[in-house]
Amino acid sequence: MLPGVPKPIVRKISSRYIAGPTVEDACRVVSGLNERGKMATIDVLGEEHDSEEEARAVVRAYDDVFDIIEERELDSNVSVKLTALGFKLSYELCLENAEIVVRHAAESGNFVRIDMEDSSCTMDTLRIYRDLRERGHDNVGVVLQARLRRTLRDIRSLKDLRPNVRLCKGIYLEPPLIAFQDFQEVRDNFVAALDLLLACGSYVGIATHDEWLLEQSLALVEGLGREEYEFQMLLGVRELRGDRLVRDDHRLRIYVPFGKHWYAYSMRRLQENPKIAGYIASDTINRLFAPNGS
Ligand SMILES: Cc1cc2nc3c(=O)[nH]c(=O)nc-3n(C[C@H](O)[C@H](O)[C@H](O)COP(=O)(O)OP(=O)(O)OC[C@H]3O[C@@H](n4cnc5c(N)ncnc54)[C@H](O)[C@@H]3O)c2cc1C
């Protein structure tokens, strides 16, 4: 039914979760977050690219982002999807583009988080991460998904790199052979993965809005210095809970997507995981009736 929803309505709802079409929109949102003590990670919304030129254009878009972050002294790094950098065209091209982005980030002391996409991308995404680290780039991190059965094995095999990891549940619905299907099993794997990452000395971005997981994670990071981990949330989701983390002196980073492909991005996200549509619907209704709800 989604494509039947009028675009202006989708835009209105999306505007809560997406900064807007331009880099200026992203800066305005990040600046507001920084004022409230929250860090950010900016994502240039792109679609999967099937030409080398389009992938290079994404690399240039990230250049503009690094410039503006530096110029406006924003507290933000970037997140990047390898499929936007030519992942499906060739491994070498994608690695080359990723290396350019990471190198440009380093020039202004910035950091690049490689988002994790569906399970067809996991192996090569981790391979690109390892290649970048082995080429001497330390300002890069990766994402692991607690939904996947392989995640604890991946942590062990990345251990020698002391990887900087964003840990999340994983948005893509995957088959039972490779992924936990049960809600609590995913949570338990998240806790086990966080425990293992911390034991490996990794810096972890704990990316969840799930109250149970937040509580478990808070217990696991107790005793660590505030610079040794961070929490992460999506723009527009559980903002008051995020405020509370900041008040309690935890670092919190907000994922800020922007770009002219906002419509395709919104549709794709909803199709990948229809549960998100339910979250958005109930959140929109809650806001109508209880504008101060968390
Ligand atoms: C900073 C960040 C980066 C991410 N990067 C990736 C990535 O690279 N790869 C990947 O596969 N996944 C990524 N994700 C998505 C993640 O994997 C989950 O799909 C998502 O966070 C929902 O899981 P949850 O832990 O919040 O728990 P859930 O149980 O799914 O959600 C808990 C509550 O949070 C609210 N909520 C959660 N998500 C949304 C939403 N989208 N809109 C509105 N309300 C919502 C709902 O109220 C829900 O009840 C990222 C998430 C975050 C926070």
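Residues numbered from 1 in each chain as written. Predicted model: local features only at pLDDT ≥ 70, side-chain atom pairs only at ≥ 80, totals over all residues. Heavy atoms only, no water.

Caption draft 1: Representation of the packing of helix α5 (residues 122–134) against helix α6 (residues 151–158) within the structure. Contact geometry of α5 with α6 gives a least axis separation of 12 Å together with a crossing angle of 20°. Classified by the angle between their axes, α5 and α6 sit roughly parallel to one another. Crossing of α5 over α6 shows right-handed handedness. Side by side, α5 and α6 meet where Thr 122, Leu 126, Tyr 129 and Arg 130 of the first sit next to Asp 154, Ser 157 and Leu 158 of the second. Within the contact of α5 with α6, the residues separate by chemical class into 3 nonpolar, 2 polar and 2 charged. (Axes fitted to C-alpha atoms, helices over the stretch in contact; angles between N-to-C directions. Helix = DSSP H or I, 4+ residues; strand = E, 2+ residues; numbered from the N terminus. Parallel < 35°, antiparallel > 145°, perpendicular 65-115°, else oblique. Left-handed = near helix turned anticlockwise from the far one by under 90°. Contact = heavy atoms within 4.5 Å. Nonpolar A, V, L, I, M, F, W, Y, C, P; charged D, E, K, R; others polar.)

Caption draft 2: Structural view of the site of the ligand. Around the ligand lies a shell of 23 residues, among which Met 116, Gly 170, Thr 208, His 209 and Tyr 279 are the nearest. Residue Arg 166 places a side-chain N or O atom 3.0 Å away from a nitrogen atom belonging to the ligand. Here Lys 169 contributes a side-chain N or O atom positioned 2.8 Å from an oxygen atom of the ligand. Protein contact buries 86% of the 910 Å² of open area that the ligand shows by itself. Those elements giving two or more residues to the shell around the ligand turn out to be β4 (140–145), β5 (165–168), β7 (229–234) and α11 (275–289). Considering each element in turn, the shell around the ligand owes the most residues, 3 residues, to β7. (Near = heavy atom within 4 Å. Polar contact = N/O pair within 3.5 Å; in protein donor to acceptor, adjacent residues only side chain to side chain. Areas by Shrake-Rupley, 256 points an atom, 1.4 Å probe, with all protein chains shown as cover.)

Caption draft 3: Structural view of the pairing of strand β6 (residues 204–207). Every second residue of β6 is oriented toward a common face, with Val 204 and Ile 206 on one face and Gly 205 and Ala 207 on the other, all of them buried. As judged from the 3 bridges shared by β5 and β6, these two strands associate in the parallel manner. Its bridge partner being in β6, Leu 167 is matched across the sheet by Ile 206. Once you follow β5 into helix α7 (residues 183–199) and on to β6, the crossover reads as right-handed. A crossover links β6 with its parallel partner β7, the connecting element being helix α8 (residues 211–221), and its sense is right-handed. (Buried < 20%, exposed > 50% of the residue type's maximum accessible area, 1.4 Å probe, protein only. Pairing = 2+ DSSP bridges. Right-handed = clockwise from strand over helix to strand, strands pointing away.)

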